[in-house]
Each structure stands twice: as structure tokens, then as C-alpha cells.
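Here is what each chain is made of, one letter per residue.
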Amino acid sequence: MTQGKLTKEERIRESMNSPKKIDITVDIKIPRSAEQFDPKKHKYKCSCCGKGFNGQQKNNFQKSNSPLFQANDGFLPWCKECTDRYLISLSSFYSNNEEHAIEHFCQQVDWVYDIEPLKCAREISSDRSRISHYAAKKNLNVGNRKTYFDTLKYNYEQKQDNIVTSREQAKSEESTITASAVDRWGVGFKEQDYKNLDEHYRMLKKNNPNADNNQEIFIKDLCNINMLKIHALQNGDSKEYASLVEQYAKTFKQAGLRTIEEKDNSNNETFGVTLATISEFTPEEFYKDKKLYEDWDELGDYFDRHICRPMKNLMFDKNVRDKEFFVSDGEDNENDE
């Protein structure tokens, strides 16, 4: 984004966060006032230019909440004109970065330094800097912060909160990436990439539950192509996106996969339709001859030979032998059934 397209707040934040560059050739000097302090005429004196004043009202001096100026009714000991001249020199010292110059001044006089009053502060004239307007706005919308000391505490707390938040986010991202996902797709992807891969994988597997090992390879390739499609779409690369769509279609066709989930709809069909389906795959002649598969598991034969036969021998003093498992004694097997 170019400098001309930045909003005012974005420009100020960028200026506040930019590296501090200083011009060592700048010599900060403030000339003495032609109207010097006269104890017979004036009650207050600017400690910088020496100008005399009859009152400390805000038109002449600016106030600070610092305890360093509490015995002076909270007023700075130098006049507003000297503040303007000093800030103009500071701005030159910081290579015309007025935000850094204001921060320097706020640190010296123990004013709060914040983005909100900086957004409101504007240059009054060519010989009057933004500092006078900043002084009038410095206590507005800054969360009851009054001094530079409050600014330091606030910035420290924000930094600690950001550290905690970053750690929690990293921990959350780490926990959401399962070991199975890493094993399936490999390492090096972002959390959202793993999510997109797994979601597409589950969709293809749901629609193709009987996919063989060869199709499994195609399914993973399709998931990777789909992820690249998402990246191309996010980057606005229509040419790459169209190419990936074509590649996806070719791979899908080659894999022989389905896009619609196979469902058993027999519960919603009439009994007659179900019987017709059974008849199509299992002809009725298997059921017409009742004796054909009467003892298909041979359970009845087992019962007759190994349970009923021994019981008859015991109850009726018979000697009926099994037709398969018996020891021949030279006599014919008695079979009295």
C-alpha cells in the first residue's frame, strides 16, 4: 500500500512505529524574547525565553499532571511559544518525524502519548506546531491515562497481553493439528491448510467408501489440488485457478470416483420394489425347491447322527453306527431307524 492511500490513522501509526532516524546536524536553539521579564510588571517568567507574564492561564503556559510541576500549580515553567519552537526543532532532529518529536516531548513533560489525541492534533499555522492542539486533546479517549508513566504501563500491559494471546493461539493451533493429519499430509502446512485437506478428504471418502488403494492415492492428490485451488482463489490468480480446476477434473475422472454419496434407500421403497430387487439378484428358483437348501448348514444332519443316534442306542439297546465315523468289527452295521 502506497503512502498516498493510507488513512490518517494508518499514516500516524506507521510514523509512530517507524525506526527513529536522527539528524545530528540539527542544533536546537530557542532565541531569548525581546520582551524580558520585569518584576515590576510581571508575576511569572518563562524559564526558556525569559518572557514575562502576568498570569499562568493556559493561553501562556501548558499544564502537566506530573508531580515534578505540582508546586507550580501543574504548569510547565516555559511558555507555549517556546514549546512550539522546541517541537519544531525536535521534529527536524528526528528527520521531520513529528510523531517521534511529540513522543520525545511527552516523555520530558510527563504527558500521555497516544494515537487518539495524535489523530485529533493538527498544525495551527506555519510557526505553530501540532503540540498545542495535542495538549488540548491529550486527555481525551485515552482510558484515564494522564502521564507518560501511564503510557509506559499501558504499553507494557498491552505487550504482555499480546504475548499471552500469541502463546494461546500457537497452543490452540498446535492442538488442533492432529497427529493423523500430519501423518497423512506431512509437515509444513498451516492450520487452515490441514483443515481444508481433511475436510475434502472426508467428503471424498464419504462418497466413495469402497475406494481401493489405488483410488486412495488419487484421493490424496485431489485434496492437494483442491488446497492449491483455494490458495489461487485467495490470491486472485484466475489463470492458476482455472488450470487447477481442469487438472482436478482430469484426476477425478482418471480415479473413477463418485461425487454423490451412495445411500441405501430400501427403507423408503415399497415391499413390492424390494422383492423385485431381491428377484433381480437372487432368482426365485432357489426358494421354490424347499428341500434344496433345507439343511444348507448341515446342522440337522449333525443332530441326527451325533445326538439322536446315540440316544436311540441307549434307550432301545440298539447298535446303530455312524455312517462315517465307526470301527468295523466284520459285522454289518445294524440300522434300525
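*Asks:* Teacher, can you tell me more about the layout of surface pockets here?
*Replies:* Where empty space is left becomes clear once a probe the size of a water molecule has been rolled over the atoms. Looking at the largest pocket, its volume works out to about 270 Å³. If you go around the largest pocket, the residues you meet are Arg13, Met16, Asn17, Glu103, Tyr113, Asp114, Ile115, Thr151, Tyr154 and Asn155. When contributions to the lining of the largest pocket are tallied by element, the ones reaching two or more residues are helix H1 (8-17) and helix H6 (148-176). Split into classes, the residues belonging to the lining of the largest pocket amount to 4 nonpolar, 3 polar and 3 charged.

*Asks:* Explain the packing of aromatic side chains here, please?
*Replies:* The way to describe two aromatic rings as a pair is by their centre distance and the angle between their planes. Tallied over the entire structure, the rule returns 8 aromatic pairs. Centre to centre, the rings of phenylalanine 93 and tyrosine 94 are 5.3 Å apart; their planes meet at 80°, and the pair counts as edge-to-face. Taking relative accessible area as the criterion, tyrosine 94 reaches 10% and is therefore assigned buried. What links up through ring pairs into an aromatic cluster is the set Trp78, Tyr86, Phe105 and Trp111. Its guanidinium or amino end placed over the ring of phenylalanine 75, lysine 63 lies 4.9 Å from that ring's centre, counting from NZ or CZ. Here the basic side chain of lysine 138 rests over the ring of tryptophan 111, its NZ or CZ set 5.0 Å away from the ring centre.

*Asks:* Sorry if this is basic, but what is going on with the nonpolar core here?
*Replies:* Grouped together as the largest cluster of nonpolar side chains are 20 residues, with contacts concentrated most on Ile102, Phe105, Trp111 and Tyr134. Elements with a minimum of two residues in this core: helix H2 (80-93), helix H3 (98-109), helix H4 (115-120) and helix H5 (131-137). In terms of residues, this core owes the most to one element, H3, which gives 5 residues. Counting residues in each nonpolar core, the second largest holds 19 residues, with Trp185, Ile225, Met227 and Ala255 among its members.

*Asks:* Please explain a negative patch on the surface as it appears in this structure.
*Replies:* A contiguous patch of negative charge, built from Glu294, Asp295, Asp297, Glu298 and Asp304, is present on the exposed surface. Mapping aspartate 304 onto the fold places it in helix H13 (residues 299-316). On the accessibility criterion, aspartate 304 (45% relative accessible area) is partly exposed.

*Asks:* Explain the pattern of salt bridges to me, please; I cannot follow it from the model alone.
*Replies:* Opposite charge on two side chains lets them pair, provided their charged atoms get close. Counted according to the given criterion, the structure contains 19 salt bridges. As a salt-bridge pair, glutamate 9 and arginine 13 come within 3.2 Å of each other at their nearest N and O atoms. With glutamate 9 and arginine 13 both in helix H1 and 4 residues apart, the pair spans about one turn of that helix. By relative accessible area, which is 30% here, glutamate 9 ends up partly exposed. Lysine 51 is paired through a salt bridge with glutamate 81; the nearest N and O atoms lie 3.9 Å apart. Taken together, the positions of lysine 51 in the loop between strand E1 (44-45) and strand E2 (52-53) and glutamate 81 in helix H2 put the pair 30 residues apart, joining distant regions of the chain. For glutamate 81, a relative accessible area of 40% puts it in the partly exposed group.

Rules used throughout
- Residues numbered from 1 in each chain as written.
- Predicted model: local features only at pLDDT ≥ 70, side-chain atom pairs only at ≥ 80, totals over all residues.
- Heavy atoms only, no water.
- 1 Å grid on protein atoms, 1.4 Å probe; cavity = no way out; pocket = protein on both sides within 12 Å on 5 of 7 lines; lining within 4 Å.
- Points joined across faces, edges and corners; volume = space filled by probe spheres on them.
- Helix = DSSP H or I, 4+ residues; strand = E, 2+ residues; numbered from the N terminus.
- Nonpolar A, V, L, I, M, F, W, Y, C, P; charged D, E, K, R; others polar.
- Phe/Tyr/Trp six-rings, centres within 6.5 Å; stacked < 30°, edge-to-face > 60°.
- Buried < 20%, exposed > 50% of the residue type's maximum accessible area, 1.4 Å probe, protein only.
- Lys NZ or Arg CZ within 6 Å of the ring centre and 35° of its normal.
- Core = buried A, V, L, I, M, F, W, Y, C linked by side-chain atoms within 4.5 Å.
- Patch = residues over 30% accessible without salt bridge, like charges linked within 9 Å, V, L, I, M, F, W, Y side chains within 5 Å.
- Areas by Shrake-Rupley, 256 points an atom, 1.4 Å probe, with all protein chains shown as cover.
- Salt bridge = Lys/Arg side-chain N within 4 Å of Asp/Glu carboxyl O.
- Lys, Arg positive; Asp, Glu negative; His and termini not counted.
- Charge placed at Lys NZ, Arg CZ, Asp CG, Glu CD.

All we've got here are geometric facts, nothing functional implied.
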